[in-house]
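# A closer look at the structure
What follows is the residue order along each chain.
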Amino acid sequence: MDGYDRERPEVMRKKVRAARAKRNPASLPAQHTLSEILSQPAAWRETSRQLEQQGMLEQLSKFFFPRSPWLFIACGSSYYLSQVVATLWTTQLQVPCSAVPASEFLFAPEETLRRAAAQQAVLVSRSGETTEVLRAARLLDPDRSIVTLGVTCGAESPLEKLCAHTLKLTWADEKSMVMTRSFTSMLLAFEQLGAKFAGDRELASALDRLPEKVQPWLEANAGKIQDLAGKRRFADFIFLGQGAHYWMAQEAALKITEMSSSYAQAYHTLEFRHGPRSIASRDTMITFLLSEAAAEEETLLVSEMKELGAATFVVANRATKALERASDLLIELRLDEPEFARLAPLAIPAQLLGAAVGLRKGLDPDTPKNLSRVVTLHRDGDDPAKRRGT
């Protein structure tokens, strides 16, 4: 999408920048990042179409055992994605599912496999070239008792050669370094696969409807979220969530850190009272990703943080009057779909916020500070392996 100009923060609407963008659009900071964030409904629509057209879910359902434990292995955003999916599948499939960073698996593979009791492993990497994930795949390859699934957005990658089966979402890959639409598209693919395994047609149908519901919501709220970054400068960013929302909060904190070189932390929402609340002040923005189960208690915490002077940014499906009063910015999803089907759009506000904060600081979120699209890790006796952003 190209029509994000009107939705950037006030600082980016200055006539000088606009004139420069007209003369040389390629020089506009964050052009790829913002385009990819705003293209997510289209990417989700394509994900559903491709999964159906290629029969991917039907094929995978023949090779895996849904009611047997699952182990997810990944790095960075893909690790947080894996934790979200593990949480969902544990509930949905009523079977133990766990996720570990690939680096942790490499240090204790036998212990990890014993603890997970898993005979099927999912290795996730946007590029399919993540060094630690490839090393984990090589460790698992000789053990034929463990069936492996590689999930990637890379068209051709070493991960595909190392896994028994592969799920590829090439249409969801990004030009920018930071994962945005690839994260949410892979999440939706996992949710569709889980719905297939569980025979949950209601969830599958809800996921198919999501793009058409989220598109107008995104158009109506993108500018509000970006403008929030232009009202006050913040020294600290906090993201709070319960259950699966906690892992979405971890991913949200990573987006702020990556795109704007800002300090961000994530906590279980109600744990914030137990020590971390000492950071709350006018210099702190606290983002709440509200869940259905804990919404009432979470609303009380929003009010407490508002009284301490912190800026409160709340993302909820539907809000009460009390929540409206306690929020500096309240974004409602207003979706009738089940809570599990609403997790993908829950990732978008932090993506927009991260890009806006980065732009305000004079950075380019397309090329974040100290990060590279391709990283090469060396180890004695090991061939150098390249990886793109995880």
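As a reminder, the structure under discussion sits directly above these lines.
Notes on the structure in this doc start here. Per chain, the residues get numbers from 1 upward, laid out in the order the sequence is written. For a predicted model such as this one, the threshold for reporting local features is a pLDDT of at least 70, and the threshold for listing and counting side-chain atom pairs is 80 or more; totals across whole chains, interfaces and linings nevertheless cover every residue. Excluded from the side-chain calculations are hydrogens and water; all other atoms, namely the structure's heavy atoms, are used.

## Comments concerning the nonpolar core
Soluble, globular proteins show a tendency: their nonpolar side chains are buried together. The term nonpolar core refers to a set of buried residues drawn from Ala, Val, Leu, Ile, Met, Phe, Trp, Tyr and Cys, joined through side-chain atoms within 4.5 Å. Exposure classes here rest on a 1.4 Å probe applied to the protein chains alone. A residue is buried below 20% of its type maximum, exposed above 50%, and partly exposed in between. Residues W70, F72, W89, F239 and L353 are the most contacted members of the largest nonpolar core, which totals 94 residues. Each helix corresponds to a stretch of at least 4 residues labelled H or I by DSSP, and each strand to a stretch of at least 2 residues labelled E; elements are numbered beginning at the N terminus. The element that contributes the greatest number of residues to this core is helix α11 (residues 201–231), accounting for 12 residues. We call two residues in contact when some of their heavy atoms are within 4.5 Å. The contact partners of L353, leaving out residues within four places of it in the chain, are I225, L228, A229, F239, I256, M285, T287 and F313. Counting 20 residues, the second largest nonpolar core, distinct from the first, contains F105, L123, V133 and L134.

## Here's the deal with the packing of aromatic side chains
Between two aromatic rings, the relevant description is the distance of the centres plus the angle of the planes. Stacked, tilted and edge-to-face pairs are distinguished by plane angle, under 30 degrees for stacked and over 60 for edge-to-face with tilted covering the rest, among Phe, Tyr and Trp rings (Trp via its six-membered ring) whose centres lie within 6.5 Å. Within this structure, the stated rule accounts for 13 aromatic pairs. Taking 5.6 Å as the distance between ring centres and 50 degrees as the angle between the ring planes, the aromatic pair formed by Y79 and Y80 counts as tilted. With 6.0 Å between their ring centres and 80 degrees between their planes, Y79 and W247 make a pair best called edge-to-face. Of this pair, Y79 sits in helix α5 (residues 76–93) while W247 is found in helix α12 (residues 244–260), placing the two residues 168 residues apart along the sequence. This pair shows no difference in class: Y79 is buried, exactly as W247 is. Taken together, the ring pairs connect F64, W70, F72, W89, F190 and F197 into an aromatic cluster.

## Comments concerning the pattern of salt bridges
One side chain can pair with another of opposite charge once the charged atoms of both are near each other. Whenever a carboxyl oxygen of Asp or Glu lies within 4 Å of a side-chain nitrogen of Lys or Arg, that contact is scored as a salt bridge. Overall, the coordinates contain 16 salt bridges when judged by the stated rule. Measuring nitrogen to oxygen at the nearest pair gives 2.7 Å for the salt bridge that ties E46 to R49. One end of the pair, E46, and the other, R49, are both in helix α3 (residues 40–53), 3 residues apart, so they sit about a helical turn from each other. A residue is classified by how much of its surface remains accessible, and E46, at 21% relative accessible area, is partly exposed. For R49, a relative accessible area of 39% translates into the label partly exposed. The salt bridge partner of E304 is R277, with a shortest N-O separation of 3.4 Å. Highlighted residues: E304 in helix α13 (residues 295–307) and R277 in the loop between β7 (264–268) and β8 (284–289), separated in sequence by 27 residues.

## Side note on the sheet that holds strand β9 (residues 311–316)
Any two strands between which DSSP finds at least two bridges are classified as paired. Spatially, 5 strands are ordered β7-β6-β8-β9-β10 in an open sheet, and the strand pairing comes out parallel. The outermost strands of the open sheet, each flanked by one partner alone, are β7 and β10 (329–332). Strand-to-strand twist in this sheet, taken as the mean axis angle between neighbours without regard to direction, amounts to 15 degrees. Pairing between strand β6 (residues 236–241) and β8: 6 bridges, direction parallel. When the sheet's bridge partners are listed, I238 is paired in β8 with I286. Against the sheet, α11 touches β8, β9 and β10, its axis set at about 160 degrees to β10. Packing against the sheet, α12 makes contact with β6, β7 and β8, and its axis sits at approximately 175 degrees to β7. For every element, the axis is a line fit to its C-alpha atoms; helices are fit only across the contacting stretch, and the angle between N-to-C directions ranges from 0 to 180 degrees.

## So, helix α7 (residues 109–116)
For α7, every residue scored as buried is listed here: T112, L113 and A116. One side of α7 holds all its buried residues, which, seen down the axis, span an arc of 95 degrees. Of the exposed residues in α7, those oriented more than 90 degrees away from the buried face are E110, R114 and R115. At its buried positions, α7 is contacted by β1 (70–74), β2 (97–101), α6 (102–107) and α8 (131–140). Positive backbone phi, approximately 55 degrees, marks A117, located one or two places after α7. Taken from the helix axis, the directions to the C-beta atoms give the arc we talk about.

## So, the sheet that holds β1
The 5 strands lie next to each other as β2-β1-β3-β4-β5, forming an open sheet whose pairing is parallel. Looking at the sheet topology across the chains shown, the edges are occupied by β2 and β5 (165–168). In this sheet, adjacent strand axes meet at a mean angle of 20 degrees when their direction is disregarded. As defined by bridge partners, strand β4 (residues 147–152) adjoins β5 across 4 bridges and the pair is classed as parallel. Bridge pairing in β5 places V151 opposite L167.

## Some remarks on unusual backbone geometry
The backbone phi angle of A30 is positive, close to 65 degrees, even though this residue is not glycine. Turning to its location among the elements, A30 is positioned in the loop between α1 (15–23) and α2 (31–38). Of note in this structure, S261 is not a glycine but carries a positive phi near 50 degrees. Position of S261 relative to the elements: it lies in the loop between α12 and β7. The class of S261 is partly exposed, set by a relative accessible area of 34%.

## Description of the pairing of β1
Counting buried residues in β1 gives 5 out of 5 residues, a clear majority hidden from the surface. For β1 and β2, the ladder comprises 5 bridges, and the chain directions are parallel. Considered in β2, the bridge of A74 is made with P101. When the strands point away from the viewer and the path from the first strand over the helix to the second turns clockwise, the crossover is right-handed. Of the crossover connections in this fold, the one passing from β1 over α5 to the parallel β2 is right-handed. Here 4 bridges tie β1 to strand β3 (residues 120–124), and the two strands are oriented parallel to one another. Its bridge partner being in β3, I73 is matched across the sheet by L123.

Treat this as a map of the structure, not an account of what it does.
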